[in-house]
Amino acid sequence: MTESGAQSGPTALRIILGAHLRRMRVAAGISRSDAGWEIRSSESKVSRMELGRVGLKERDVGDLLTLYGLDDEEERGRLLTLAREANNPGWWHRYGDVLPSWFHSYLDLEAAAQLIRVYELQFVPGLLQTEEYIRAVIQLGRGMIAAEEVERRVTLRTNRQEILTRPDPVRLWAVVDEAVLQRPIGGVKAMLAQIDHLIEASQYPNVTLQVMPFKVGGHAATGGAYSILRFPEQDLPDMVYIEHLTSALYLDKLEDLDQYTATMEALCVAAPPPSKTRDHLMRIRKDVER
């Protein structure tokens, strides 16, 4: 397993461990308040631990396991190991200087996902971008950026893309608005290379790509781009990720998931089927080349 292709980063591990602790607490009939008292903390701290929103100290986890009556030493050892691993920095840690803080959790969740569904109307999905396209996107609206920083950002994104080619690859299903492909970010030559890469990627067994043509007119995703992540672990709920200019939203409430999933399904139905994607990309390539 490569550093950048780690199956579960600290965010995912915290959520998994937190869910275990919550189930054990409920089964033992212990309140969050009493659990908080046991670890010299508060009810709200226990709630955040169970939701995976804060780091989990190994000592606190050990005290809670004792309180909850866990006497299986093998299981106790496994959960304490999970707590240690959940405090290790993610593979992206060395790129922390070029990463916004709100994006850290997404990188962990992306690497842990089994299926990522994406709708894009401005850019080619990050997992399918070529290096030249990445460089052009990085520099949009940012003025002059030092060459070293640009290259570090490019390396970060290309490392992320390894989740599509690792032995147990993530499945990606992307719906891309045609406007994305008609907009020559990085220039015509870079865009042609990007479209060629999409044609190739659309043939990968774990990649499904659809293009939403202009002729469809209005469609369900009026709110803009978003992603839905699904995980193999039961303790990790599906997650909707919506990125803004200076922040991001992570939604996991059932009503939000239902609405965004229904919208994604409607997009997939409205767009031409994946079997037509290659032909559509070839036509767009000719338009861009003119």
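Relevant structure appears above.
This section reports on the structure supplied with the text. Positions within a chain are numbered from 1, following the residues in the order the chain's sequence is written. The predicted origin of the model limits local features to residues at a pLDDT of at least 70 and limits the giving and counting of side-chain atom pairs to 80 or more, whereas totals for whole chains, interfaces and linings rest on all residues. Hydrogens and waters are ignored; side-chain quantities use all the structure's heavy atoms.

Notes on the pattern of salt bridges
Next, step 1: The working definition used for a salt bridge is a side-chain nitrogen of Lys or Arg within 4 Å of a carboxyl oxygen of Asp or Glu. For the structure shown, the criterion picks out 18 salt bridges.
Next, step 2: Residue arginine 230 is joined to aspartate 238 by a salt bridge in which the shortest nitrogen-to-oxygen separation is 2.8 Å.
Next, step 3: Only protein chains enter the area calculation, which uses a 1.4 Å probe; residues under 20% of their type maximum are buried, those over 50% are exposed, and those in between are partly exposed. Assessed through its relative accessible area of 39%, arginine 230 is described here as partly exposed.
Next, step 4: Shared partners join several salt bridges into a network, and the residues in it are Glu131, Glu132, Arg135 and Glu151.

Observations concerning the packing of helix H4 (residues 58-67) against helix H5 (residues 73-86)
Next, step 1: Angular values range over 0 to 180 degrees, each being the angle between N-to-C directions of two axes fitted as lines to C-alpha atoms, with helices fitted over their stretch in contact. What counts as a helix is a DSSP run of H or I of at least four residues, what counts as a strand is a run of E of at least two, and both are numbered from the N terminus. At their nearest, the axes of H4 and H5 sit 9 Å apart, and the two run at 155° to each other. When the axis of H4 is compared with that of H5, the two are roughly antiparallel. Here H4 runs over H5; the crossing is right-handed. On the side of H4, the interface is formed by Glu58, Val61, Gly62, Leu65 and Thr66, while H5 contributes Arg76, Leu79, Leu80, Ala83 and Arg84.
Next, step 2: Of the residues belonging to the contact of H4 with H5, the class tally is five nonpolar, two polar and three charged. Orientation categories follow fixed angle ranges, with anything under 35 degrees roughly parallel, anything over 145 roughly antiparallel, 65 to 115 roughly perpendicular, and all other angles oblique. Left-handed describes a crossing in which the near helix is turned anticlockwise from the far one by less than a right angle; the clockwise case is right-handed. In what follows, residue pairs with any heavy atoms lying within 4.5 Å of each other are defined as contacts. All residues other than Ala, Val, Leu, Ile, Met, Phe, Trp, Tyr, Cys, Pro, Asp, Glu, Lys and Arg, Gly among them, are scored as polar; the first ten of these are nonpolar and the last four charged.

What about the packing of aromatic side chains?
Next, step 1: When the centres of two rings from Phe, Tyr and Trp lie within 6.5 Å, Trp using its six-membered ring, the rings pair. Their planes under 30 degrees apart give stacked, over 60 give edge-to-face, and anything left gives tilted. Going through the model one piece at a time under the given rule, you end up with six aromatic pairs.
Next, step 2: Here phenylalanine 103 and tyrosine 241 contribute two aromatic rings whose centre-to-centre distance is 6.4 Å and whose plane-to-plane angle is 50°, an arrangement assigned as tilted. A residue pair is termed long-range when its members are at least 10 positions apart, and phenylalanine 103 in the loop between H5 and helix H6 (104-112) and tyrosine 241 in strand E5 (residues 239-243) qualify at 138 residues. For the residue pair phenylalanine 103 and tyrosine 241, the accessibility class agrees, reading buried in each case.
Next, step 3: Ring pairing ties together the aromatic residues Trp102, Phe103, Tyr106, Tyr241 and Tyr250, which thus form one cluster.
Next, step 4: Over the aromatic face of tryptophan 173 sits the side chain of arginine 117, whose NZ or CZ is 5.0 Å from the ring centroid. We call a charge positioned above a ring when the Lys NZ or Arg CZ atom is no farther than 6 Å from the ring centre and deviates by at most 35 degrees from the ring normal.

Details of the side chain of arginine 153
Next, step 1: With respect to the helices and strands, arginine 153 occurs in helix H8 (residues 147-160).
Next, step 2: Aside from chain neighbours lying at most four places away, what touches arginine 153 is Val98, Ile138 and Arg142.

Shape descriptors only; they carry no functional weight alone.
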